[in-house]
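# Architecture at a glance
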Amino acid sequence: MWRFTNRILNLFSPDKELLLQLEDLLGFLPKRLAYYQLALTHSSGLEDVKENNERLEFLGDAILSAIIAEYLFKKYPYKPEGYLTELRSRIVRRESLNNVATRMGLNKIVQYNQNDRGLSRSHIFGNALEALIGAVYLDQGFVQTRKFIVKQMVQQYIDIDVIESTDTNYKNQLLSWAQRNGHTLSFDTLEEKNEKSRRHFTVGIILDGAQVATGVGFNKKEAGQEAAKNAIKELKIQ
């Protein structure tokens, strides 16, 4: 009865289009739309925006990690803790989540400053996905959140077998290569600056005392991964 009444009311809602998009994305109709609107609001979206999705992102990150941990624990009953930890890390990594979010179509409904071209190349859509998970949890509770993550995300967009055999942690790859081959390697922060109200970091890869690559990101971790990726390409590491 609630679903029928809510659906009728939604037909006359000024947010009808967003509600339909969310229903298609989530697999259910939201009860409290305000949570989802906030989840889809990046800090760059409006100059006078008072709230953004960062707190919901924090909540969603913790919930996603717990549910993925439970999922892997049940899927691989005989795998050791180290294996499960590494696989979970690969699944919830920003790059992986950004890919999932884009394939789900979140990039079409997230509110952000589209004039800032760097943002669309960053991980804001993966961050918004975590915020969306936080919104689902507050709106629907843990059971429905688990259902959303497993059915709408994992089963449709995450190929665990591929993730298991593919390591996209470029920093770890580069560090392992340097250790195996007796090189000294460091990640140095070369620059921190503010551009259009956002902070940018430049990280350099120093190999045996010489800089071999750099990377730019909105935080040091992101810049370090980009620098490591560029170094692997520059050094032709397989």
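Let me sum up the structure you'll find in this document. (Residues numbered from 1 in each chain as written. Predicted model: local features only at pLDDT ≥ 70, side-chain atom pairs only at ≥ 80, totals over all residues. Heavy atoms only, no water.)

## What about the overall build of the chain?
Summing up its helical and strand segments, the chain has 12 helices and three strands in all. Buried residues in the chain amount to 42% of all 238 residues. Sequence-distant contacts in the chain: of pairs separated by 6 or more residues, those separated by 24 or more amount to 54%. (Helix = DSSP H or I, 4+ residues; strand = E, 2+ residues; numbered from the N terminus. Buried < 20%, exposed > 50% of the residue type's maximum accessible area, 1.4 Å probe, protein only. Contact = heavy atoms within 4.5 Å.)

## Observations concerning a nonpolar patch on the surface
Judged by side-chain polarity, Tyr35, Tyr137, Leu138, Phe142 and Val143 come together as a nonpolar surface patch covering roughly 420 Å² of accessible area. Elements supplying a minimum of two residues to the nonpolar patch: α8 (124-140) and α9 (142-157). For Tyr35, the location among the structural elements is in helix α3 (residues 33-39). Overall, the relative accessible area of 30% leaves Tyr35 in the partly exposed class. (Patch = residues over 30% accessible without salt bridge, like charges linked within 9 Å, V, L, I, M, F, W, Y side chains within 5 Å. Areas by Shrake-Rupley, 256 points an atom, 1.4 Å probe, with all protein chains shown as cover. Salt bridge = Lys/Arg side-chain N within 4 Å of Asp/Glu carboxyl O.)

## Thoughts on the environment of Arg146
Along the chain, the position of Arg146 falls in helix α9. Excluding anything up to four places from it in sequence, Arg146 contacts Ile67 and Glu70. Polar contacts involving the side chain of Arg146 include one to the side chain of Glu70, which spans 3.0 Å. (Polar contact = N/O pair within 3.5 Å; in protein donor to acceptor, adjacent residues only side chain to side chain.)

## Structural notes on the pattern of salt bridges
On inspection of all chains with the given rule, the structure shows seven salt bridges. Here Arg94 and Glu57 are joined by a salt bridge, their closest N and O atoms 3.3 Å apart. One end of the pair, Arg94, is in helix α6 (residues 94-104); the other, Glu57, is in helix α4 (residues 54-75), with 37 residues separating them in the sequence. Note on Arg94: relative accessible area 29%, which makes it partly exposed. Residue Arg94 is joined to Glu130 by a salt bridge in which the shortest nitrogen-to-oxygen separation is 3.0 Å. Taken together, the positions of Arg94 in helix α6 and Glu130 in helix α8 put the pair 36 residues apart, joining distant regions of the chain.

## Describing the environment of Thr189
If you trace the backbone, Thr189 turns up in strand β1 (residues 185-195). The sequence separation of Thr189 and Val216 amounts to 27 residues, and the corresponding C-alpha distance is 9.9 Å. Discounting residues that sit within four places of it in the chain, Thr189 has contacts with Thr202, Val203 and Lys220.

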